Amino acid sequence: MRRILIDKRIKDMAADYVKDIQTVVGDVEACLRNLTEELKKQTTKIYVCTADNVNRYKGDEYQSVSKYVGKIAGHYDEINNLLPSQYDGVMSEIDGELGTIKVDEVLVKLRGKKKQPLYELIVDIMGYNKVRKEVLPQYVNKLEIKTCVYCNAQFAITTLIEDVREKIMLGKPGRPKKAIVIPRLGGYYEMDHNKPKSKYPYLCTNFYNLQPCCSSCNKRKLTRDLPFSIYYEEGDPDPAPLRFAISPQDVIDFHTKGKCKGIKPYLCDEANPTKRVRARKNGTLAERFNYIFDIDKIYAEHEDEVEELLWRNRIYTHGIVSATSSQFKDLQIEDFDFGRYILGTYPNREDALKRPLTAMKQDIWKQVKKDE
Ligand SMILES: [Zn+2]
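The shown structure was predicted, so the numbers you read here are calculated from the model rather than taken from an experiment.

Asker: Looking at this model, I keep getting lost on the packing of aromatic side chains. Mind explaining?
Answerer: Each aromatic ring pair is characterised by the separation of its centres together with the angle its planes make. A complete count under the given rule lists 16 aromatic pairs for this structure. Where Y150 meets F228, the ring centres are 6.5 Å apart and the plane angle is 55°; that geometry is what we call tilted. Taken as a pair, Y150 in the loop between α6 (128–142) and β6 (157–168) and F228 in the loop between α7 (215–221) and β10 (231–232) lie far apart in primary sequence, 78 residues in all. Between R3 and the ring centre of F228, over which it is positioned, the NZ or CZ distance is 5.8 Å.

Right, dumping it as structure tokens:
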């Protein structure tokens, strides 16, 4: 579970993303201001649905829902590349307008329209679906993310797809439809909102809030708050909070008896780098990852990958590596990466999202490596 440092390159990318989404979403701020006015009208009905009752929302309290949307409009120009460290300030300002009401409990019925959740209205106005389809895949591609950011076990591939749009030729009734094929990028993954859009709809198109993941992890996460984002900023006290390990006894057996078979990797908190954890709802980050995503169960099925990794570790001793690396250089293979060849995947931490199981392989390689 690797994270990406928000450096100048990433900030520039987020700034480009903001420009790109403007071309597909239209004037969101004006639409939000329009909704603010609609919510003030007597013809608009507002309901608050808690688990045990449904209340029509009345009087001055109408104002708070309208003000909430007005606050989002006021922040719109900064909201799509707002840094995670700035979330709290903006969240308390916007959510503060609702007082004790939770946004996912608010239903709105505008005149002539169906009753629908307020957050859905906001997500719709902010154009999330268009952004997801037409803008995000090119950024996932630029970020070189090719695996689920939560499990690092499933692929998350962006590829060129053909968007086929059909239209009937104008002025020629009865003519067959003409198919227009527009090549664009599409993604074989789902997009998780780190801050769920039902609770923080105004962050639905925030660059740093969108995390490509496999459908299994996305369905498991649902609207759960998880204190883990793939992005971190300079000065983050915990840029690498998780790592994989095998048990210390397995390491000893590997070095002393050559044991490679039947070794199951598991996820640990960085603070306790070889301690196996349980799955717990409100536990440490590793415990929560296991509770939500079943990480240890998934990785237990990859003991053959660990076995091959350990074979390589035994075969490529320091002596063999130095003796053969110069021979490999003579083969003149373009951009040959000896470390990648030995590990069977990318050896650098920042490349772990390029291929499934890479974080696990890097961590266990490091754990069993002995300086010779
Ligand atoms: Zn996943």
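Asker: Just checking my understanding: could you explain the packing of helix α2 (residues 28–40) against helix α5 (residues 118–125) for this structure?
Answerer: Helices that pack against each other are described as a pair by the angle of their axes relative to one another and the distance between those axes. Running from amino to carboxyl end, α2 crosses α5 at an angle of 150°, the nearest separation of the two axes being 9 Å. On the basis of their axis angle, the class for α2 and α5 is roughly antiparallel. On the side of α2, the interface is formed by V28, C31, L32, L35 and L39, while α5 contributes L118, L121, I122 and I125. Partitioned by chemical class, the residues of the contact of α2 with α5 number nine nonpolar, no polar and no charged.

Asker: Is there a simple way to explain a nonpolar patch on the surface in this structure?
Answerer: Taken together, L331, I333, F336 and Y341 make up a surface patch of nonpolar side chains, about 380 Å² in accessible area. Here L331 lies in the loop between α12 (318–330) and α13 (338–343).

Asker: Explain the coordination of the zinc ion to me, please; I cannot follow it from the model alone.
Answerer: Octahedral metals with six donors have ideal donor angles of 90 or 180 degrees. Tetrahedral metals with four donors have an ideal donor angle of 109.5 degrees. Distances from the zinc ion to its protein donors, namely C148 (SG), C151 (SG), C214 (SG) and C217 (SG), fall within the range 2.3 Å. Coordination geometry of the zinc ion: the four donor atoms subtend angles of 102 to 117° at the metal centre, consistent with an arrangement described as tetrahedral. If you list the donors of the zinc ion from N- to C-terminus, the spacing comes out as C-x2-C-x62-C-x2-C. With a gap of 69 residues between them, C148 in the loop between α6 and β6 and C217 in helix α7 connect regions that are remote in the sequence. Given the relative accessible area of 0%, C148 is considered buried. Judged by its relative accessible area of 1%, C217 is buried.

Asker: I would appreciate a short explanation of the side chain of T205 in the present structure.
Answerer: Structurally, T205 can be placed in the loop between β8 (190–193) and β9 (210–213). Within the local environment of T205, its side chain forms a polar contact with the side chain of N80, the two groups lying 2.6 Å apart. Beyond its immediate sequence surroundings of up to four residues, T205 is in contact with Y17, I21, N80, M126, Y128, V131 and L210.

Asker: Help me understand helix α11 (residues 303–315) in this model?
Answerer: Across its 13 residues, α11 extends 18 Å between first and last C-alpha, which sits within 8% of the 18 Å expected from 1.5 Å per residue. Looking only at α11, the buried set comprises V306, E307, L309, L310 and N313. Summarising the axial view, the buried residues of α11 lie within an arc of 165°, below the 170-degree limit, and thus occupy one face. Next to the buried residues of α11 lie α8 (248–257), α13 and α14 (358–368).

Asker: Hey, could you run me through the environment of K11 in this one?
Answerer: When you line up the elements, K11 lands in helix α1 (residues 8–25). Each C-alpha atom of the pair K11 and N55 lies 44 Å from the other, and the pair is 44 residues apart in sequence. If near-sequence neighbours (up to four positions away) are discounted, K11 is found in contact with I6, L83 and Y208.

Asker: What is the right way to look at the nonpolar core in this model?
Answerer: In summary, soluble globular proteins display a tendency toward joint burial of nonpolar side chains. Grouped together as the largest cluster of nonpolar side chains are 105 residues, with contacts concentrated most on Y17, Y68, L118, Y150, F207 and F289. Among the domains, domain 1 (1–143 + 191–237) and domain 2 (242–368) are the pair contributing at least three residues each to this core.

Asker: Honestly, the pattern of salt bridges in this entry has me stumped. Any pointers?
Answerer: Pairing is possible between side chains of opposite charge, provided their charged atoms come close. For the coordinates displayed, the defined rule picks out 20 salt bridges. Residue K354 pairs with E144 through a salt bridge whose shortest N-O separation is 3.8 Å. Taken as a pair, K354 in the loop between α13 and α14 and E144 in the loop between α6 and β6 lie far apart in primary sequence, 210 residues in all. One connected set of salt bridges, linked through shared partners, spans E144, D351 and K354.

Asker: Honestly, the domain arrangement of the protein chain in this entry has me stumped. Any pointers?
Answerer: Each domain of the protein chain was delimited in the assignment, giving domain 1 (1–143 + 191–237) and domain 2 (242–368). Taken over C-alpha atoms, the centre of domain 1 sits 37 Å from the centre of domain 2. Listed per partner, the contact involves eleven residues of domain 1 and 18 residues of domain 2. Summing the contributions of domain 1 and of domain 2, the shared interface buries around 1400 Å²; its carbon and sulfur component is 70%. Inspection of the domain 1/domain 2 interface yields two salt bridges. R2 serves as the salt-bridge partner of D363, at 2.8 Å between the closest nitrogen and oxygen.

Asker: Can you walk me through the packing of α1 against α6 in this structure?
Answerer: The N-to-C vectors of α1 and α6 enclose an angle of 155°; their axes lie 10 Å apart at closest approach. As far as their axial angle goes, α6 and α1 are roughly antiparallel. The two elements α1 and α6 meet at a crossing, and its hand is right-handed. Counting all contacts with α1, which are made through R9, M13, D16, Y17, D20, I21, V24 and V25, the residues of α6 involved are K130, V131, E134, V135, L136, Q138, Y139 and K142. Residues belonging to the contact of α1 with α6 are distributed by class as follows: nine nonpolar, one polar and six charged.

Asker: Looking at this structure, how should I read the sheet that holds strand β3 (residues 54–56)?
Answerer: Sheet strands line up and pair through hydrogen bonds in the backbone, either parallel or antiparallel. Read from one edge of the open sheet, four strands run β3-β2-β4-β5, paired in antiparallel fashion. In this open sheet, the two edge strands, each paired with only one partner strand, are β3 and β5 (116–117). With two bridges joining them, strand β4 (residues 106–109) and β5 adopt antiparallel strand pairing. Counted as the bridge partner of L107 is P117 from β5.

Reading guide: rules and limits
- Residues numbered from 1 in each chain as written.
- Predicted model: local features only at pLDDT ≥ 70, side-chain atom pairs only at ≥ 80, totals over all residues.
- Heavy atoms only, no water.
- Phe/Tyr/Trp six-rings, centres within 6.5 Å; stacked < 30°, edge-to-face > 60°.
- Helix = DSSP H or I, 4+ residues; strand = E, 2+ residues; numbered from the N terminus.
- Lys NZ or Arg CZ within 6 Å of the ring centre and 35° of its normal.
- Axes fitted to C-alpha atoms, helices over the stretch in contact; angles between N-to-C directions.
- Parallel < 35°, antiparallel > 145°, perpendicular 65-115°, else oblique.
- Contact = heavy atoms within 4.5 Å.
- Nonpolar A, V, L, I, M, F, W, Y, C, P; charged D, E, K, R; others polar.
- Patch = residues over 30% accessible without salt bridge, like charges linked within 9 Å, V, L, I, M, F, W, Y side chains within 5 Å.
- Areas by Shrake-Rupley, 256 points an atom, 1.4 Å probe, with all protein chains shown as cover.
- Salt bridge = Lys/Arg side-chain N within 4 Å of Asp/Glu carboxyl O.
- Donors = N, O, S within 2.8 Å, 3.2 Å for Na, K, Ca; no water.
- Tetrahedral: all angles 85-135°; square planar, octahedral: opposite > 155°, others 65-115°.
- Buried < 20%, exposed > 50% of the residue type's maximum accessible area, 1.4 Å probe, protein only.
- Polar contact = N/O pair within 3.5 Å; in protein donor to acceptor, adjacent residues only side chain to side chain.
- Expected span 1.5 Å × (residues − 1).
- Arc of directions from axis to C-beta.
- Core = buried A, V, L, I, M, F, W, Y, C linked by side-chain atoms within 4.5 Å.
- Domains from an automatic or database assignment.
- Buried area = accessible area lost by both parts, 1.4 Å probe.
- Left-handed = near helix turned anticlockwise from the far one by under 90°.
- Pairing = 2+ DSSP bridges.

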